[in-house]
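Observations on the three-dimensional arrangement
Each chain is listed here by its residues.
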Amino acid sequence: MKYINESKSCGVLKKMDVHPVLANALQRALRAEFGHQAATSMKQNVACVRYLVVCLQALNIHHTVPLPATVMWDINKWMQGSGFKNSTNQSRQNVILILLRWCHRNLPSVIDRRATFDVPSFLREKRLPSKALAEDTVKKILAACYSEIEEIENRLLRSKKLLLEDANSVDKEFKRLVEDLLIVGDGRIPSQQGLRGYGLGLYRRVEKYGGLREIRSRLYLLHEDVLPFYLAIVVQTAGNPIAIMEAEMNCIEPHPLRTDLEFLNWNKRRSRAEQRVDFPVDKKWSAPNLVRRLLVLNSPLREFASSKDLGRLFLAHGANAQAPNVPSVQTLHNSLAKFSRKYAIDNFDFRDFRRSSAKAHRVAGGTVEVARHRLNHRNASTTSKYYSGPEDVSQFNDEAIVRYQGMLITLSSQSNDFGKTNPELVAADLDISRPAETVFGFQCADPFAGIEGRSPKGTQCMHFSQCSTCRGAIIPVDDPFVIAKVLSSQIALKQAKLRAERSGWDLRFKKLYAPTLDVIEKEILPFVHADVLRIARDHINESLIPVLE
């Protein structure tokens, strides 16, 4: 894993209008708290530090040392009127809190010792789930990609022929201009600054053909040209977009047994595993053949690339950068927005194709294993999340109604003694012999049946936070030992709710645990007899419930 150069990232603070003591403190805090992170994460945190400096400047305390005791509250209030989404504000506030708390602990002279950091959280907007695109939409996207690729190839081929062959009278001037620019740029098109000192004549000739950027676009593969190749490969492989973007140029591998197939390989750093998908060899637009066509186009750029980008598949020339590199995530998204408008396709994201592929392979193959293999997942339970949205399992799990859907069973009439149920009668009624225990005191009819609609049948259910809304849940309300565990769960959930409100993860609590607490308090305990509650309270054991976070 590659890590960012910390000294380079923190050097940005020295160029900003902020007290040098604050700049040094934030630099140390950044290294201490985030120095171990990968480059992509570290860049986001550096951006948050720059945003913090902007906040301090807006509050007119960027040259105040120590910072006032109300600094975090002042920042929170300013962010509320910043116009950014709550999710963006909360992400930034999380990083700012970590940095300022570190400074408060380790550098007493930087922040007033009376400072408090228990500021309110920003209620994040509900995240829109990735959508499964219709088959016709995917075909339209691929057709547009292939059309764009052919246009790019034709554009670059024309310029290549122009430079290699005798040009006609119309193109001779452009050919001579390119030759002169290559001499000035030592083998490549120079920057605007590199033209200085070569006279107005060269400037005028460059402007006649639209400027340096237009000339580059006729000779080199540019960042925006990468999109159709990248998008088509993402669609065909159903790979993780970030992992595909980091693919290497030597990603094609022959099949060890079949000559009609070949593999496209890439690494997914988060799972630390190689991903691969097989494709037919003879298909013109297969992903491996797209890779070959892309390598032909960007091969002239590799001699100018830095060592870290030299072997990358999606190498291209930037608009201004002299060294070719891989387009940034933002550049690809900007290109995608233009692509969507050009071909009148509703807004979509690179990650949508993973869900689309999962659903398509699940339907075509009739089993989750087919989709799991295509998505390179280790466990089928991971794959099921991609096609098991609320619309797919509505008959099992209607998340729009937070209420108890399990079996609330009173077994008093089937008990031999108070608090002791008859297992044979329970098994006869529910077709189970030994209900499984769950975290929050619910019993489960069959944890391997896939009843809750997300876990594949035959694999153990891991969705313990959804037991309260699962139709396989069982609560014998006259068993004081079961109710004791339910009461223990109630205490643990209430404590977690308080921690969530204080620590800023209350939205996560509402999503994960609040439905269970609601069911316990509103739909279970009201049905428990007072005598059973009295006995159960003597058997409460809070240590049975793990720390919820």
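Just above, that's the structure.
What comes next concerns the included structure.

Rules used in this analysis
Residues numbered from 1 in each chain as written. Predicted model: local features only at pLDDT ≥ 70, side-chain atom pairs only at ≥ 80, totals over all residues. Heavy atoms only, no water. Helix = DSSP H or I, 4+ residues; strand = E, 2+ residues; numbered from the N terminus. Polar contact = N/O pair within 3.5 Å; in protein donor to acceptor, adjacent residues only side chain to side chain. Contact = heavy atoms within 4.5 Å. Core = buried A, V, L, I, M, F, W, Y, C linked by side-chain atoms within 4.5 Å. Buried < 20%, exposed > 50% of the residue type's maximum accessible area, 1.4 Å probe, protein only. Salt bridge = Lys/Arg side-chain N within 4 Å of Asp/Glu carboxyl O. Pairing = 2+ DSSP bridges. Phe/Tyr/Trp six-rings, centres within 6.5 Å; stacked < 30°, edge-to-face > 60°. Lys NZ or Arg CZ within 6 Å of the ring centre and 35° of its normal. Axes fitted to C-alpha atoms, helices over the stretch in contact; angles between N-to-C directions. Parallel < 35°, antiparallel > 145°, perpendicular 65-115°, else oblique. Left-handed = near helix turned anticlockwise from the far one by under 90°. Nonpolar A, V, L, I, M, F, W, Y, C, P; charged D, E, K, R; others polar.

The next point concerns the side chain of Asp112. With respect to the secondary-structure elements, Asp112 resides in the loop between helix 5 (86-106) and helix 6 (135-164). In this structure the side chain of Asp112 is engaged in a polar contact, spanning 2.8 Å, whose partner is the backbone nitrogen of Arg114. Contact partners of Asp112, with chain neighbours within four places excluded, come to Pro66, Leu67, Pro68, Ala69 and His104.

Soluble globular proteins tend to bury their nonpolar side chains together. Judged by nonpolar contacts, the single largest core of 64 residues is most densely connected at Ile215 and Leu231. Among the elements that make up this core, the one with the highest residue count is helix 6 (10 residues). When neighbours within four sequence positions are excluded, Leu231 is seen to be in contact with Ile141, Cys145, Leu336, Phe339, Phe348, Phe350 and Phe353. In this structure, Leu26, Val53, Val95 and Val119 belong to the second largest nonpolar core, which totals 38 residues.

Attention shifts here to the pattern of salt bridges. Counted according to the given criterion, the structure contains 16 salt bridges. Salt-bridge contacts for Glu150 lead to Lys284; the nearest nitrogen and oxygen are separated by 3.7 Å. Placement of Glu150 in helix 6 and of Lys284 in the loop between strand 3 (273-280) and helix 12 (287-298) is noted, with a sequence separation of 134 residues between them. A relative accessible area of 34% means that Glu150 is categorised as partly exposed.

Below, the discussion takes up the pairing of strand 3. Side chains of strand 3 alternate between two faces, with Ala273, Gln275, Val277 and Phe279 buried and Glu274, Arg276, Asp278 and Pro280 left unburied. Across eight bridges, the pairing between strand 2 (residues 261-268) and strand 3 is antiparallel. Across the sheet, Leu264 pairs through a bridge with Val277, a residue of strand 3.

Take unusual backbone geometry next. With an omega of 0 degrees, the peptide bond between Val65 and Pro66 qualifies as cis. Even without being glycine, Asn60 reaches a positive phi, approximately 60 degrees. Among the structural elements, Asn60 can be located in the loop between helix 3 (39-58) and helix 4 (71-80). By relative accessible area, Asn60 is classed as exposed at 59%. With a phi angle near 55 degrees, Ala238 is a residue other than glycine that sits in the positive phi range.

Under the definition given, this model contains eight aromatic pairs. Aromatic pair Phe339 and Tyr343: ring centres 5.0 Å apart, planes at 45 degrees, arrangement tilted. With relative accessibility at 5%, the residue Phe339 sits in the buried group. Here the aromatic residues Tyr51, Trp78 and Phe84 are joined through ring pairs into a cluster of three or more. Here the guanidinium or amino end of Arg92 rests over the ring plane of Tyr51, the centre of that ring lying 4.0 Å away. Cation over ring: Arg92 sits above Phe84, and NZ or CZ is 4.3 Å from the ring centre.

Take Asp352: it is sitting in helix 14 (residues 352-365). A residue is classified by how much of its surface remains accessible, and Asp352, at 5% relative accessible area, is buried. Within the structure, the side chain of Asp352 is placed 2.8 Å from the backbone nitrogen of Asp349, a separation counted as a polar contact.

To continue, consider the packing of helix 18 (residues 480-503) against helix 21 (residues 530-537). It is the contact of helix 18 with helix 21, at a shortest axis distance of 8 Å, that shows an interaxial angle of 65 degrees. It follows from the interaxial angle that helix 18 and helix 21 lie roughly perpendicular. Judged by the sense of rotation from one axis to the other, the crossing of helix 18 with helix 21 is right-handed. Here Pro480, Ile483, Ala484 and Leu487 of helix 18 lie close against helix 21, whose contacting residues are Val532, Leu533, Ile535, Ala536 and Arg537. When the residues that make up the contact of helix 18 with helix 21 are grouped by side-chain class, the tally is eight nonpolar, no polar and one charged.

What follows covers the pairing of strand 2. Of all eight residues making up strand 2, seven are buried, and the element is well covered by its neighbours. Pairing between strand 1 (residues 252-254) and strand 2: three bridges, direction antiparallel. The residue bridging Glu253 from the neighbouring strand is Phe263, located in strand 2. Following strand 1, the chain reverses through six residues before pairing antiparallel with strand 2.

Ordered by their spatial adjacency, three strands build an open sheet running 1-2-3, and the pairing between neighbours is antiparallel. If you trace the sheet from one side to the other, it starts and ends with strand 1 and strand 3, each paired once. Ignoring strand direction, the axes of neighbouring strands in this sheet form an average angle of 35 degrees. This element, helix 12, spans strand 1, strand 2 and strand 3 of the sheet and lies at about 75 degrees to strand 2.

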